[in-house]
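The primary structure of each chain is shown beneath.
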Amino acid sequence: MTLVRARLGLNIDHVATIRNARGGAHPDPAKAAALAQAAGADGITLHLREDRRHIRDHDLEAVRRASKLPINLEMATTEEMLAIALGFRPHAACLVPEKREERTTEGGLDVARLHDQVEPFVQRLRDAGIRVSLFIEPSKVQVAVAEAMGAPVVELHTGKYVELVFAGDKSGAAAELKRLQEAAEHGHAKGVEIHVGHGLTYNTVRPVAAIPEVRELNIGHFIMGEALFVGLEAAVKRMRQEIDIARGPA
Ligand code: PXP
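Structural notes, computed from the coordinates.

The rules behind the values
Residues numbered from 1 in each chain as written. Predicted model: local features only at pLDDT ≥ 70, side-chain atom pairs only at ≥ 80, totals over all residues. Heavy atoms only, no water. Helix = DSSP H or I, 4+ residues; strand = E, 2+ residues; numbered from the N terminus. Contact = heavy atoms within 4.5 Å. Near = heavy atom within 4 Å. Polar contact = N/O pair within 3.5 Å; in protein donor to acceptor, adjacent residues only side chain to side chain. Areas by Shrake-Rupley, 256 points an atom, 1.4 Å probe, with all protein chains shown as cover. Nonpolar A, V, L, I, M, F, W, Y, C, P; charged D, E, K, R; others polar. Buried < 20%, exposed > 50% of the residue type's maximum accessible area, 1.4 Å probe, protein only. Axes fitted to C-alpha atoms, helices over the stretch in contact; angles between N-to-C directions. Parallel < 35°, antiparallel > 145°, perpendicular 65-115°, else oblique. Left-handed = near helix turned anticlockwise from the far one by under 90°. Arc of directions from axis to C-beta. Salt bridge = Lys/Arg side-chain N within 4 Å of Asp/Glu carboxyl O.

## Regarding the environment of E80
Point 1. With respect to the secondary-structure elements, E80 resides in helix α4 (residues 79–88).
Point 2. Residues E80 and E50, 30 residues apart in the sequence, show an inter-C-alpha distance of 8.6 Å.
Point 3. With residues up to four places along the chain from it excluded, the contact list for E80 reads E50 and R52.

See below:
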C-alpha cells in the first residue's frame, strides 16, 4: 500500500548551537535553511528558547529571507514568545514545554493538566492566522484535549520510542509504537493533523513514518550530526529516502 507522502521538517537549532559555541556568525542557520530546500526538505523548524541557547531572535528573519520553505516556530507558552510569534507570523507555531535545566524538550506538553494555561495561546495564535500545533505525548487523552482546545495539529513525541529501541527493549518499543499509532488514529479521526518528532534517526524513522495518519516528521539533531560526516544535503536526502520507503512505492 502506498501512503500519502509525508513532509520532512528540518530542525536547524543545532547549527546555531555550533555557531554559539564560538560566539561568531558561523555556521549560519540561514544557510542551512537555504540548503535544506535544495536537499528536499519541506519545511524549516526552529525553537527560540527562553534562554536563546541556540536560535537567537535575529535568526528568525534571516531564515525567512534565506528560504521559501514554511517556517514552524517552536515556542514555550510565555507572553514573551507569544509577542514574538505574533510579530513574526510564522506559517506554524508548535507549543512545547520548556525547562531551563533540560538538555532538550524532554516530554510533551501536558495539555490535559495545563489546559487553562495553553488554551488562550492556541486561540490567540489561531486568531492571527498561525497554524498551531501542540507537542504532546502519544496518548489519546492528550490528543482529545488538544482537539477540544481547537488545535488543528498535534505533534506526537517520539523520544520515548527511540530511547526504547536504542535500549534494546523490543517489547517496550513495540508498546510505545502502538501508543503512537493509536494516538495518531484517534487524532486523525477527530480531524487533527498528525505530526511526529524528537530523537528520530535513520534506524528508527521507518516504523514511525509508516503510520498512515502521519503527515509531517520534524527531525534535527540526528540529521545535523550526520551532516558533519556526509554534508547536510546528503543527510537530508537520506532521511527523505527513509521516509519515502516507509510510505511505500511511489
Ligand atoms: N519536534 C519538536 C517539537 C522538538 O522540540 C524537537 C527538538 O527541538 C524536534 C521535533 C526535533 O528533535 P530532534 O532534534 O531530536 O530530531
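## Re the site of the ligand
Point 1. In the vicinity of the ligand there are 13 residues, among which E74, E155, G199, G220 and H221 approach most closely.
Point 2. E74 places a side-chain nitrogen or oxygen 2.8 Å from an oxygen atom of the ligand.
Point 3. At a separation of 2.8 Å, an oxygen atom of the ligand approaches a polar backbone atom of G220.
Point 4. In isolation the ligand offers 390 Å² of accessible surface; the protein chains occlude 95% of this area.
Point 5. Each residue belonging to the shell around the ligand can be placed in one class, and the counts come to three nonpolar, seven polar and three charged.

## Looking at the side chain of N72
Point 1. Inspection of the secondary structure assignment puts N72 in strand β3 (residues 71–75).
Point 2. Given a relative accessible area of 8%, N72 falls into the buried group.
Point 3. In terms of polar contacts, N72 uses its side chain to reach the side chain of T45, at 3.2 Å.
Point 4. In contact with N72, other than residues within four places in its own chain, are I44, T45, L46, A92, A93, C94 and N218.

## Structural notes on the packing of helix α5 (residues 115–127) against helix α6 (residues 140–149)
Point 1. Between α5 and α6, the least distance of the axes is 10 Å, while the angle of their chain directions is 45 degrees. The angle between α5 and α6 falls in the class oblique. For the element pair α5 and α6, the recorded crossing hand is right-handed. Mapping the contact onto sequence places H115, V118, E119, V122 and Q123 in α5 and V145, A148 and M149 in α6.
Point 2. Classifying every residue of the contact of α5 with α6 by side-chain character gives five nonpolar, two polar and one charged.

## Brief notes about helix α10 (residues 221–230)
Point 1. Turning to α10, its buried residues are I223, M224, E226 and A227. Buried residues of α10, viewed axially, fall in a sector of 165 degrees; they line one side. Facing away from the buried side of α10 by more than 90 degrees, the exposed set consists of H221, L228 and F229.
Point 2. For α10, the elements touching its buried residues are β1 (7–11), α1 (13–22), α9 (202–209), β8 (214–219) and α11 (232–247).
Point 3. A positive phi of about 95 degrees marks G231, the residue just after α10.

## Quick word on unusual backbone geometry
Point 1. Between H26 and the following residue, P27, the backbone shows a cis peptide bond with an omega angle of -5 degrees.
Point 2. In this structure, P27 sits in the loop between α1 and α2 (29–39).
Point 3. Phi angles above zero are rare outside glycine, and H198 is one such case at about 115 degrees.
Point 4. Residue position: H198 is located in the loop between β7 (193–197) and α9.
Point 5. For H198, a relative accessible area of 22% gives the class partly exposed.

## Side note on the pattern of salt bridges
Point 1. With the rule as written, the count across this model stands at 20 salt bridges.
Point 2. In this structure, D42 engages R240 in a salt bridge whose closest nitrogen and oxygen atoms are separated by 2.9 Å. Pair noted here: D42 is in the loop between α2 and β2 (43–47) and R240 is in helix α11, with a separation of 198 residues, a long-range link.
Point 3. Where R131 meets E193, a salt bridge forms, and the shortest distance between an N and an O atom there is 2.9 Å. With R131 in strand β5 (residues 131–136) and E193 in strand β7, this pair connects stretches of sequence that are 62 residues apart.
Point 4. The exposure class of R131 is partly exposed, given its relative accessible area of 30%.
Point 5. One salt-bridge network, held together by shared partners, links R5, D42, R240 and D244.

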